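# Examining the three-dimensional arrangement
The residues making up each chain are set out below.
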Amino acid sequence: MKQQRSLAERLRSIFQQPTTVLYIEAKLAKSGRLADLEAAGIVPTVKNPNPYDPSTHTNQHDQWWRKHPQAARQFRDQQRQREEALKCV
């Protein structure tokens, strides 16, 4: 029982780290499974509605988010749903 609790605590700790989801996504993409999971609707796809590239148009990118708070909220919610799905696979 103590061993199971220890494993559960370890897994909880791992999944709280922000890089874990990126690692899972990268591994699934490399294996070719991510596209299958997205096509099946198991992992939702998320498209950034902001038309500006943050690395080349930083000011326009930031300004667009400020002008579109509803889109920003929806995008964050969709990202969270995707992250949760990735944690479950």
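Our subject in this report is the structure included herewith. Nothing here was measured: the structure is a model prediction, and the numbers come from that model.

What follows is about the packing of helix α4 (residues 58-67) against helix α5 (residues 69-88). Pairs of packed helices are described in terms of their axes, by the angle between the two and the distance that separates them. Across the interface, α4 lies against α5 with an axial gap of 5 Å and an inter-helix angle of 95°. The angle between α4 and α5 places the two elements in the roughly perpendicular class. Facing Trp64, Trp65, Arg66 and Lys67 of α4, the residues of α5 in contact are Pro69, Ala71, Ala72 and Phe75. Split by residue class, the contact of α4 with α5 holds six nonpolar, no polar and two charged.

This brings us to the packing of aromatic side chains. In the structure shown here, the tally under the stated rule is two aromatic pairs. Measuring from centroid to centroid gives 5.1 Å for Trp64 and Trp65, while their planes differ by 80°, and the two rings are edge-to-face. Judged by its relative accessible area of 18%, Trp65 falls in the buried class. What links up through ring pairs into an aromatic cluster is the set Trp64, Trp65 and Phe75.

The next thing to look at is the nonpolar core. Membership of the largest hydrophobic core is limited to eight residues, which are Val21, Ile24, Leu28, Leu34, Leu37, Val43, Ala85 and Leu86. Broken down by secondary-structure element, the contributors of at least two residues to this core are α2 (18-31), α3 (33-39) and α5. With three residues, α2 is the largest single contributor of residues to this core. Excluding its chain neighbours within four sequence positions, the residues that come into contact with Leu37 are Leu28, Ile42, Val43 and Val89.

Procedures and definitions
Residues numbered from 1 in each chain as written. Predicted model: local features only at pLDDT ≥ 70, side-chain atom pairs only at ≥ 80, totals over all residues. Heavy atoms only, no water. Axes fitted to C-alpha atoms, helices over the stretch in contact; angles between N-to-C directions. Helix = DSSP H or I, 4+ residues; strand = E, 2+ residues; numbered from the N terminus. Parallel < 35°, antiparallel > 145°, perpendicular 65-115°, else oblique. Contact = heavy atoms within 4.5 Å. Nonpolar A, V, L, I, M, F, W, Y, C, P; charged D, E, K, R; others polar. Phe/Tyr/Trp six-rings, centres within 6.5 Å; stacked < 30°, edge-to-face > 60°. Buried < 20%, exposed > 50% of the residue type's maximum accessible area, 1.4 Å probe, protein only. Core = buried A, V, L, I, M, F, W, Y, C linked by side-chain atoms within 4.5 Å.

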